[in-house]
Amino acid sequence: MALTPQSSDAANRVLIAGAGPVGLTAALNLARRGIAVTVLEAGNKIFDDPRAGTIHPPTLEMFAESGVTDAMLARGYIVRNYQYRDRRAGVVADFDLGALADDTPYPYRLMLEQHKICAILLDKLKQYPHCEVLMEHRVASAAQDRDGVVATVETPQGPATFRGGWMIGCDGGRSQVRKSMAVDFSGFTYEERFLILSTRYDFAPHGYALTNYIADPDEWCALFKVPGHDERGDDKQGVWRVVFPVDAHSPAEEIFEERAVQRRIQNFHHKDGDYDVVHRNLYSVHQRVASCYRDGRLLLAGDAAHINNPLGGMGMNFGFHDAFNLSDKLARIILENASDNGLDLYDRQRRTVAQEYLQRQTIENKQNIEQKDPREREKFHDELRAIAADRVRLRAYLLRVAMIEGIRRANAIE
Ligand SMILES: Cc1cc2nc3c(=O)[nH]c(=O)nc-3n(C[C@H](O)[C@H](O)[C@H](O)COP(=O)(O)OP(=O)(O)OC[C@H]3O[C@@H](n4cnc5c(N)ncnc54)[C@H](O)[C@@H]3O)c2cc1C
């Protein structure tokens, strides 16, 4: 087994497993402060399959200082209002995010695909020679002693070990780092899977906002527009993604079959002729939180620490917020000799809000959108109508769903 040179900075180097949005954010925050970072990524490139695409106001605030926000704003779509709809009755409530104008400089959502955010982060990282991003480096396990951590890594040249002072597992829902820690990942997996169909067909002339949640007792859906891309990069026309729940047991080939895809999307919104479906993706959805985000020098952030359904567009944002919180605390330990109790505080702050807020909100979002009891559904829709019509209630509601409340709650935990 090859051993990477025992560099003199190993004691303060931070190893990060995973070059997804959360790992790259942690890397950038640490590298900007002059801290040595090694990012170990299993893949040979950043995945560009359709995943998260919604960026909430606190995330835009956090990224402003590094210039990432401006780069994202230049490429994404600003969503100033979004709709909650009933599939049969139409618009239930139209939420004006402008009600947050006194709470954030970014009173809107930004739609930009996850892989483009990763590309922006990777580009920013190039200016920091003390940060290396190593592709095709799969972390097999992580171990620690009093002075540091050792990651065992599979590389194209064979197994290797990497040493550092700390390791952050940002290696997604199946995190190897988490499996190397003494923590559980309990919760549940939904029986149905989620299907994402992407089409260039423009839904805007039919009155849809750029983001729509569409309730239905039989087949709810979510519809939103992202910038889209082709081989040349951004595509001005944009792409609409339609998300449907699908039966747990149907084979993927049946779900993806062209006639079945056309039928499903035509049932949602009938149009003459076939839809131009440019991408189809099927995935399982879980609600889980790690029992602890810290085991000594091993830490978790992002999907490695918590996973949830995508209704509300919160998972990736929540991971960004973990990365900012954790990198601030690690930087204080490394640069100012602060006590490592800060890492326990990170666990308390971020794990508490993952339970109280991320899990609760996303589980409720799914229950509401699929509500089968007509009285319960109408009650909820009346509630949304009343909220949207009352500026004070609207602000309070948006503070929660735009993730501002979760940040305030986390910061209040000591
Ligand atoms: C199909 C799909 C749709 C989604 N839609 C939404 C949405 O609409 N809104 C939303 O907010 N969220 C959504 N999510 C969730 C969102 O994509 C995640 O919350 C986000 O990707 C988390 O980022 P991350 O960096 O923590 O993990 P990931 O993006 O999973 O990145 C982990 C990285 O670690 C790498 N890796 C894995 N194992 C190892 C290893 N052993 N060693 C080294 N590297 C490793 C992976 O290759 C990957 O690059 C969706 C997820 C999926 C799968």
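Everything numeric in this text was worked out from a predicted model, so none of it was measured.

Parameters and conventions
- Residues numbered from 1 in each chain as written.
- Predicted model: local features only at pLDDT ≥ 70, side-chain atom pairs only at ≥ 80, totals over all residues.
- Heavy atoms only, no water.
- Helix = DSSP H or I, 4+ residues; strand = E, 2+ residues; numbered from the N terminus.
- Rg over C-alpha atoms; globule rule 2.2 N^0.38 Å.
- Buried < 20%, exposed > 50% of the residue type's maximum accessible area, 1.4 Å probe, protein only.
- Contact = heavy atoms within 4.5 Å.
- Lys, Arg positive; Asp, Glu negative; His and termini not counted.
- Charge placed at Lys NZ, Arg CZ, Asp CG, Glu CD.
- Near = heavy atom within 4 Å.
- Polar contact = N/O pair within 3.5 Å; in protein donor to acceptor, adjacent residues only side chain to side chain.
- Areas by Shrake-Rupley, 256 points an atom, 1.4 Å probe, with all protein chains shown as cover.
- Nonpolar A, V, L, I, M, F, W, Y, C, P; charged D, E, K, R; others polar.
- Phe/Tyr/Trp six-rings, centres within 6.5 Å; stacked < 30°, edge-to-face > 60°.
- Pairing = 2+ DSSP bridges.
- Axes fitted to C-alpha atoms, helices over the stretch in contact; angles between N-to-C directions.
- 1 Å grid on protein atoms, 1.4 Å probe; cavity = no way out; pocket = protein on both sides within 12 Å on 5 of 7 lines; lining within 4 Å.
- Points joined across faces, edges and corners; volume = space filled by probe spheres on them.
- Disulfide = S-S within 2.5 Å.

Caption draft 1: The overall build of the chain, seen in detail. Scanning the chain from terminus to terminus reveals 12 helices and 23 strands. In terms of overall dimensions, the chain is globule-like: its C-alpha atoms have a radius of gyration of 22 Å, near the 22 Å expected for 414 residues. Along the first, second and third principal axes, the C-alpha atoms of the chain reach 65 × 45 × 40 Å. In the chain, which comprises 414 residues, the share counted as buried stands at 55%. The contacts in the chain between residues at least 6 apart in sequence include a share of 74% that link residues at least 24 apart. Side chains of the chain give 52 positive and 58 negative charges; the mean places of these two sets differ by 1 Å.

Caption draft 2: Representation of the site of the ligand in the model. Around the ligand lies a shell of 28 residues, among which V22, E41, Q114, V139 and D303 are the nearest. P21 has a polar backbone atom sitting 3.4 Å from an oxygen atom of the ligand. Measuring from an oxygen atom of the ligand, one finds a backbone N or O atom of M314 at 3.4 Å. In the complex, 88% of the free accessible area of the ligand, which totals 1000 Å², lies under the protein chains. When contributions to the shell around the ligand are tallied by element, the ones reaching two or more residues are α1 (21-32), β10 (138-144), β20 (277-290) and α8 (315-336). Residues of the shell around the ligand, tallied by class, amount to 13 nonpolar, 10 polar and five charged.

Caption draft 3: Looking closely at the packing of aromatic side chains. The final tally for this structure, using the stated rule, is 20 aromatic pairs. Relative to F268, the ring of F203 has its centre 6.0 Å away and its plane inclined at 45 degrees; by these criteria the two rings are tilted. Here F203, found in the loop between β14 (185-199) and β15 (211-215), pairs with F268, found in helix α7 (residues 258-268); they are 65 residues apart in sequence, far enough to count as distant. Owing to a relative accessible area of 0%, F203 belongs among the buried residues under this scheme. When its relative accessible area of 10% is taken as the criterion, F268 is described as buried. For the pair Y293 and Y346, a centre-to-centre distance of 5.9 Å together with 50 degrees between the ring planes defines the contact as tilted. A residue pair is termed long-range when its members are at least 10 positions apart, and Y293 in the loop between β20 and β21 (294-295) and Y346 in helix α9 (residues 341-369) qualify at 53 residues. Among the residues examined, Y346 registers a relative accessible area of 0% and is labelled buried.

Caption draft 4: Quick peek at the sheet that holds strand β13 (residues 166-169). Strand order in this open sheet of six strands is β9-β3-β2-β13-β22-β21, and the pairing throughout is mixed. Both outer strands of the open sheet, β9 (131-134) and β21, are each paired with one neighbouring strand and no more. Pairing of β13 with strand β22 (residues 298-300) involves three bridges; the strand directions are parallel. Across the sheet, the residue bridging to M167 is L298, located in β22. On the sheet, α8 packs against β2 (14-17), β13 and β22 and is oriented at approximately 175 degrees with respect to β13.

Caption draft 5: Examining the sheet that holds strand β5 (residues 77-79) more closely. Sheet architecture is open: three strands sit in the order β4-β8-β5, paired in antiparallel fashion. A single partner strand is all that each edge strand has here, and the edge strands are β4 (54-55) and β5. Strand direction decides the pairing type here: β5 and strand β8 (residues 109-111), joined by three bridges, are antiparallel. Across the sheet, the residue bridging to Y77 is M111, located in β8.

Caption draft 6: The layout of surface pockets, seen in detail. Roughly 470 Å³ of internal volume is contained in the second largest pocket. If you trace the second largest pocket, you find 23 residues lining it, with M62, F324, N325, D328 and N411 closest to the centre. Contributing elements (two or more residues each) for the lining of the second largest pocket: α1, α2 (57-63), α8, α9 and α12 (404-412). Per-element accounting of the lining of the second largest pocket gives the leading share, six residues, to α8. A breakdown of the residues in the lining of the second largest pocket according to their chemical character gives eight nonpolar, six polar and nine charged.

Caption draft 7: Layout of the state of the cysteines. Summed over all chains, the structure comprises zero disulfides. With no disulfide of its own, C170 has C118 as its nearest cysteine by sulfur position, at a separation of 11 Å. You can call C170 buried: its relative accessible area is 8%. The closest cysteine sulfur to the non-disulfide-bonded C292 is located on C170, 16 Å from its own sulfur. Judged by its relative accessible area of 22%, C292 is partly exposed.

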